[in-house]
Every structure is written in structure tokens, then in C-alpha cells.
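Below, each chain spelled out in residue letters.
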Amino acid sequence: MSVKCLRISVTDRCNLRCVYCRPLHDCAFIKDKEILSLDEIHRVVRLFADCGIDRVRLTGGEPLLRKNVTSLVEKLAATKGIRELTLTTNGVLLKQMADELKAAGLNRVNISIDSLEANSYRQITGYDCLSNVVGGIQKAIDVGLQPVKINAVILRGINHSQVVSLARMSIDLPVTVRFIEYCPTNKDTQPAEDYMPYGEIRRIIEGEFGALFDATIGHGNGPALYFKIKNSAGAIGFIAGRSTIFCETCNRIRLSCDGKIKPCLYSAQDYDIRQLIREGTSDEQIKSHMIKIIAQKHTFTRLNSSAKEFSMRKVGG
Ligand code: SAM
């Protein structure tokens, strides 16, 4: 599988404190001067595009918190070779920013929402902003940031009772609701036992709505498996990153907010592109590094990884 997608964490800051991502005492942020500037991110994307990357996803942390993110979107959308620019957001600020992001050239959004019930939403994220997120989803549909994908991480005993309501969104709205298996990233986040495998989530959905049937989704081509509930406007997806191994079909690499390229979420190895940029390395030299990194992407798999812990908001989920 050739590497086509670059996922960029544009900030490690977030306005939510999801229990599985950023526990309460996790307050240390990377210093501003260590974060890639917007011009540096643009340069990395331009050079990666010359190496065959044609899709970029902005994430974080919360990407909509990054100052002037709309101007970054405008630059990246206009970069030669980039044919799709997307963004993953918690949706809290989306309602007020969707118009400008669309006008700047953003193609579509993934919106994270782990519960449709106010109390459990607060329990997971630490904040009372469910209505902002629901408003953000509708706005994204209205302005055409489509197809909208919804991301939900399901944790046993925390929000597994939300599976049916979340799945029902795909009946009523033209959205793809994707259930993501929880991946324990470090010792301070949710216990690994709270993980619910894809098969169990699927059984809950099929118990309520009947058998799911296969669906092909025109966008993304990532590791998600897609299905439909009968007569639904949207679709259901599963990202089974723990109960299955999809390394062979993974076509993405990552750029952390402090300028490290990671060939795989789980790889202990990263490559400091920020240092090369700030030392004045030429475009041609940086591209030859990029080509080598891309070439060895598939030597990493989740099973041979030696990475112990990592921060999702820094690497970019
Ligand atoms: N703030 C944005 C958001 O909430 O979508 C973008 C960053 S967030 C890290 C991106 C995605 O990663 C979200 O859908 C989130 O639920 C997911 N995520 C974070 N930590 C995770 C974990 N430990 N296991 C599985 N998914 C995780």
C-alpha cells in the first residue's frame, strides 16, 4: 500500500479533557517555539506532496484552537498535488468556523462525539458543550463539509449504553458514524480493560437494528470497515485498531505538532523534520529524507512496535 496521507497535529492544546486521551493532571503543553509555525507546516506539506502525498488531515489536540488555522487551510488547499484536505475536530467551535473553513478550501470534517446524552458527554469530556457539538455537526452538513464522519470511542461502563443512539444518527442523518476501538496510550488514561472490541459493538447495533450490510464509502480508503443499517441515510464504520491488525493497508504517516514525522502511531522511531528545517536544510535534502521515511513505513507494525507510551494530542489522533 503506497503512502498517500499525511496526518498533522497542528497543536497539542485541547478544549476538552476526554478521559481516554488527556487525563486531568495532564496539563503540560509544548512551548510555542517548539511548535511548527504555519509556514513550516506548509513547507512540509509542499515537500511531501512532491514525494507522492496527496491527502492531508489536520488534527491535534484540537485543530480549531490553532491561531489562524483557516489561513493554514487556505495555503494547504492550494498546494500543488494535494487533492483532499480534511480536519478532525471535537466540534465545539465548528458551528462558528464551518463557513470560513469551507470557503478556505477544506473538503470535509470528522467530528468526535462519544455520547448524545449530556451527563455522560460531560463525564467523558469534562465539559457541558454537547449542544455546541451537535450544532457543529448540523452546520458541517449544511455548508457541505461532506461526507461528515462522526468518531466515537466506546468505553465499557462509561458510554457503551450510547452505542444504539450513536448508530441511530446514521439512520437519520447523511453521516458515517465510526466506532473506534479504544487504544490505551499511557498509564494515566482509561484502564485498558475498558476497551470494547469491534465485534461486541457490532452485536449491540445488530441486536437493535438488524444485520448490517456492507457499504463502500467513496472517501477515506483508510483502515475502517463500512456498513449500513437498512434504509439509513448514512453509514456505520468500525476502526478496529486493537482487535485487528491493519498495518498492511495503512497508507498514512504522521507529523507531530513539534515537527516529528512518525511512520506509524505505534512506532518508537520518529524523525525530526523541524531540526532539518531550522538548520536551513534545502528542499531537495529534506525530500530525500522524506522518501526514505516513506520507504520504511511498512517495516513498522503494531506487533513489532517497541513504543511504550505516547500522547495522542501531540502525535495527532
Ligand atoms: N480534538 C480533535 C477531536 O476530538 O476529534 C482531534 C484530536 S483527537 C486526538 C482525534 C481522535 O482521536 C478523536 O476521535 C478521539 O476520540 C480519538 N482518540 C483520542 N485518544 C484515543 C485513544 N486513546 N484511543 C482511540 N481513539 C482515541
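Structure: see above.
Small disclaimer: the values here were computed from a predicted structure and weren't measured. For every chain, the first residue of the written sequence is number 1, and numbering continues from 1 onward in sequence order. Totals for whole chains, interfaces and linings use every residue, but because this is a predicted model, local features are given only for residues with pLDDT of at least 70 and side-chain atom pairs only at 80 or more, for both listing and counting. For the side-chain quantities, the full set of heavy atoms in the structure was used; hydrogens and water were omitted.

Think of it this way: any DSSP run of H or I at least four residues long counts as a helix, any run of E at least two long counts as a strand, and we number them from the N terminus. If you tally the helices and strands in the chain, you get 10 helices and 12 strands. On C-alpha atoms alone, the chain measures out to a radius of gyration of 19 Å, which is about the 20 Å that the 2.2 N^0.38 rule sets for 317 residues. For the chain, the proportion of its 317 residues judged to be buried stands at 56%. By the convention used here, residues are in contact when the closest approach between their heavy atoms is within 4.5 Å. For the chain, the proportion of contacts with a sequence separation of at least 24, taken over those separated by at least 6, is 76%. Only the protein chains shown count as covering a residue, and every accessible area follows the Shrake-Rupley method with a 1.4 Å probe. As presented, the chain carries roughly 13600 Å² of accessible surface, and 51% of it is formed by carbon and sulfur atoms. C-alpha atoms define the radius of gyration in this analysis, and the globule rule sets the expected value at 2.2 Å times the number of residues to the power 0.38. Whether a residue is buried, partly exposed or exposed follows from its accessible area with a 1.4 Å probe, protein chains only, as a fraction of its type maximum: under 20%, in between, or over 50%, in that order.

Time to look at the environment of I41. Tracing the chain through its elements places I41 in helix α1 (residues 38–50). A sequence separation of 233 residues divides I41 from R274, and the C-alpha atoms of the two residues are 9.4 Å apart. Discounting chain neighbours no more than four positions away, the residues touching I41 are I8, V10, L36, R66 and L72.

If you check which residues of helix α2 (residues 69–77) are buried, you get V69, T70, L72, V73 and L76. Projected onto a plane normal to the axis of α2, the buried residues spread over an arc of 155° and lie on a single side. Tucked into the core, α2 has its buried residues touching α1, β2 (55–59), β3 (84–89) and α3 (94–104). What the arc covers is the set of directions going from the helix axis to the C-beta atoms.

Okay, the nonpolar core next. Counting 87 residues, the largest nonpolar core has L58, F179 and I205 as its most contacted members. Ignoring sequence-local partners within four residues, the contact set of I205 consists of V163, A167, F179, G210, L212, I229, I236 and F238. Throughout this description, the term nonpolar core refers to a set of buried Ala, Val, Leu, Ile, Met, Phe, Trp, Tyr and Cys residues connected via side-chain atoms within 4.5 Å. In this structure, C183, L265, M312 and V315 belong to the second largest nonpolar core, which totals 7 residues.

Here we come to the site of the ligand. Looking at the ligand, there are 19 residues lining it, with Y20, G61, E62, S112 and C183 nearest. Polar contacts here mean pairs of N or O atoms no more than 3.5 Å apart (in protein, one a potential hydrogen donor and the other a potential acceptor; neighbouring residues in sequence count only if both atoms are side-chain atoms). A distance of 2.9 Å separates a nitrogen atom of the ligand from a polar backbone atom of G61. Take T89: an N or O atom from its main chain is 3.3 Å from an oxygen atom of the ligand. Coverage of the ligand by the protein chains reaches 94% of its 540 Å² of free accessible surface. Whether a residue is near a molecule or strand is decided by its heavy atoms; if any one of them lies within 4 Å of it, the residue is near.

Attention now moves to the sheet that holds strand β1 (residues 5–9). Pairing between two strands is assigned when DSSP locates at least 2 bridges connecting them. Read across the sheet, 12 strands follow the order β7-β8-β9-β6-β5-β4-β3-β2-β1-β10-β11-β12 without closing on themselves; strand pairing throughout is mixed. In this open sheet, the two strands that pair with only one neighbour each are β7 (213–214) and β12 (271–272). In the sheet, strand β11 (residues 260–262) pairs with β12 via 2 bridges, with the strands oriented antiparallel. In the sheet register, K260 faces β12, and the bridge partner there is D272. Orientation is described by axes fitted as lines to C-alpha atoms, over the contacting stretch for helices, and by angles from 0 to 180 degrees between their N-to-C directions. Each of β5 (148–153), β6 (175–180) and β9 (235–239) is contacted by helix α6 (residues 163–172), which is oriented at about 150° to β6, the strand it contacts most. Relative to the sheet, helix α7 (residues 198–209) contacts β6, β8 (225–228) and β9, its axis offset from that of β9 by approximately 160°.

Let's shift gears to the pairing of β5. Taking burial as the measure, the 6 residues of β5 include 6 buried ones, the bulk of the element. A two-sided burial pattern is seen for β5, the buried positions comprising V148, I150 and A152 on one face and K149, N151 and V153 on the other. In terms of strand pairing, strand β4 (residues 108–112) meets β5 through 3 bridges, oriented parallel. When the bridges of β5 are listed, S112 appears paired with N151. Handedness of the crossover joining β5 and β6 through α6 is recorded here as right-handed. Whether a crossover is right-handed depends on one test, that the path from the first strand over the helix to the second runs clockwise when the strands point away from the viewer.

Turning our eyes to something else, we now look at the packing of aromatic side chains. Think of a pair of aromatic rings as described by two things: how far the centres are apart, and how the planes are tilted against each other in angle. Classification of ring pairs uses Phe, Tyr and Trp, with its six-membered ring standing for Trp, and accepts pairs whose centres are within 6.5 Å; under 30 degrees between planes counts as stacked, over 60 as edge-to-face, and the remaining range as tilted. The tally for this structure, following the rule as stated, stands at 4 aromatic pairs. Ring-pair connections join several aromatic residues into one group, and the members of that group are F179, Y198, F227 and F238. Above the plane of the ring of Y195 lies R242, whose end atom (NZ or CZ) is 4.2 Å from the centre. Two conditions define a charge sitting above a ring: the NZ of Lys or the CZ of Arg must be within 6 Å of the ring centre, and it must be within 35 degrees of the ring normal.

So, on to the pattern of salt bridges. Each salt bridge in this description consists of a side-chain nitrogen of Lys or Arg and a carboxyl oxygen of Asp or Glu lying within 4 Å of one another. Summed over all chains, the structure comprises 18 salt bridges. D12 serves as the salt-bridge partner of R313, at 3.7 Å between the closest nitrogen and oxygen. Separated by 301 residues along the polypeptide, R313 in helix α10 (residues 312–315) and D12 in the loop between β1 and α1 bring together distant segments of the chain. Judged by its relative accessible area of 5%, R313 is buried. Among the ionic pairs, R83 bridges to D54, the shortest N-O distance being 2.9 Å. Here the residue R83 occupies a position in the loop between α2 and β3, and D54 occupies one in the loop between α1 and β2, the gap between them amounting to 29 residues.

This paragraph deals with unusual backbone geometry. The omega torsion across Q146 and P147 is -5°, close enough to zero to call that bond cis. Secondary-structure assignment places P147 in the loop between α5 (130–143) and β5. With phi around 60°, N68 is a residue other than glycine that occupies positive phi space. One non-glycine residue, N231, lies in the positive phi region at around 60°. Position of N231 among the secondary structure elements: in the loop between β8 and β9.

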